[in-house]
Each structure stands twice: as structure tokens, then as C-alpha cells.
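Structural features, examined
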Amino acid sequence: MSATPVIGVLALQGDVREHLIALATADAVARPVRRPEELAEVDGLVIPGGESTTISKLAHLFGLMEPLRARVHAGMPVYGTCAGLIMLADKILDPRSGQETIGGIDMIVRRNAFGRQNESFEAAVDVAGVEGDPVEGVFIRAPWVESVGASVEVLAEHGGHIVAVRQGSALATSFHPELTGDHRIHSLFVDMVRAKAASGSL
Ligand SMILES: NC(=O)CC[C@H](N)C(=O)O
């Protein structure tokens, strides 16, 4: 594989464009992914923020849910922000009826935990593995992580609640680094994709 990893952004709904820009700035080749054939060609995937119930429905409609589960469970590096974090949870505490996730991180999440749209806020968040100043966390109808299994690393908390986690090649944040112009978390993810590709296990 080439030195520059190819990273997809699941482009069913949500803030796809911002992630494409952040990834390109973080030295990856970034592409939207809408079809199983496109998913098959990427070294890693970002699942953006948006509305997890809509993303879940559209993933079924586009025939992507099973291919997504297969690749994530086979260890493809994946990074979910906000609704993307919900998509990566093995369990949702308060799912809408019929709402499904891809899973991949042994955690239970609570949707809209930090309040409604008009209670959105920004806060400085210290994220393990990100050097320097805290990250500016943008929380928009954000979920938090209620609990994690033993193999999940907690990378950040805000107000006593877990807001960033990693389990193997899967990374997730409750907040939206793609909206801030600070691409350190995207760089961390690009490094994860590079490391996985170098280990030859993709
Ligand atoms: N900014 C976001 O991604 C919001 C997530 C949304 N509350 C959901 O449940 O999917």
C-alpha cells in the first residue's frame, strides 16, 4: 500500500465535507463512501456527526450496514464523531425504535445526553494521545458514554462523563474536531490507519 493512506468518510448524511477537508489536511487521501464497492477500497473510515437514526436507516437502504459491520469487526480503522460514536457503540441506552448500530466498541452510549440543539456548547477537552493544549470540543446534541468494557481505553472526559474512547483500531469522540480547524485528532486517526496498514493486517 502507498505511504499515504486512503480514508473514506461515510457520506450518507451529516458533516461529510468538513471531515474530508480535515483528513486531507492531516495527510490522507480522503474520499466519500456511499457504496459497498467504495467501502472496499479504503484503508480506514470516518463516520461523521449528523443524526444516528438517519445514518442507520440510510446504511440499510444503501446496502452498507452488513459490509460496514464486516469491515469494522475485521479491524478496519474507524473513527466516529458524535452520531458516528453512536454508530460504533455495541449498545445504545435509549435507541429510537428499530435503530441499529455497526458496533465495534464495547460501550453503552446515551444519545442527546448533553441536552438539545440549543444547549450545544464548546469546552476545552484534554485528550490522551493528543500533545499540547486541550482540544476545543464542539458538542452538538452530543452523546456521552455511560460505561465501557475492559478493553476500551477512555481518552477524555468532560463534566465527569466519558467523551472520547478507543478500542483497538476504533476511535470515537462525542464532539466534533472537524469543525474547529484543529486537526490533531484527525492526525491521530491517520497515524492509526498508517500503523494498521504497516502491520499488513488489512
Ligand atoms: N451532532 C450529532 O452528531 C448529534 C447526534 C444526534 N443527537 C444523534 O443521536 O444521532
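The sections below set out a description of the structure shown in this document. Computed from a predicted model, the values in this text were never measured in an experiment. (Residues numbered from 1 in each chain as written. Predicted model: local features only at pLDDT ≥ 70, side-chain atom pairs only at ≥ 80, totals over all residues. Heavy atoms only, no water.)

On to the packing of aromatic side chains. Per the counting criterion, the structure on display carries six aromatic pairs. With a centroid separation of 5.3 Å and an interplanar angle of 65°, the aromatic rings of Phe114 and Phe139 are classed as edge-to-face. With Phe114 in the loop between strand E6 (105-110) and strand E7 (121-125) and Phe139 in strand E8 (residues 135-139), this pair connects stretches of sequence that are 25 residues apart. Phe114 gets classed as buried once you look at its relative accessible area, which sits at 16%. Here the aromatic rings of Phe139 and Phe175 are separated by 5.5 Å at their centres, their planes lie at 55°, and the arrangement is tilted. Placement of the pair is Phe139 in strand E8 and Phe175 in the loop between strand E12 (170-173) and helix H6 (184-198), with a sequence separation of 36 residues. (Phe/Tyr/Trp six-rings, centres within 6.5 Å; stacked < 30°, edge-to-face > 60°. Helix = DSSP H or I, 4+ residues; strand = E, 2+ residues; numbered from the N terminus. Buried < 20%, exposed > 50% of the residue type's maximum accessible area, 1.4 Å probe, protein only.)

A word on helix H1 (residues 16-25). Every buried residue of H1 is listed here: Val16, His19, Leu20, Ala22 and Leu23. One side of H1 carries all its buried residues, which in axial view fall inside an arc of 165°. The outward face of H1, more than 90 degrees from its buried face, is lined by the exposed residues Arg17 and Thr25. Contacts from the buried residues of H1 go to strand E1 (6-10), strand E2 (29-33), strand E3 (44-47), strand E4 (78-81) and H6. Positive phi shows up at Asp27, right after H1, with a value of about 75°. (Arc of directions from axis to C-beta. Contact = heavy atoms within 4.5 Å.)

Its identity as a non-glycine residue notwithstanding, Cys82 has a phi of 55°, on the positive side. Tracing the backbone through its elements, the reader meets Cys82 in the loop between E4 and helix H5 (83-88). Taking relative accessible area as the criterion, Cys82 reaches 5% and is therefore assigned buried. Located in the positive-phi region is Arg141, a residue other than glycine, with phi close to 40°. Locating Arg141 in the fold gives a position in the loop between E8 and strand E9 (144-148).

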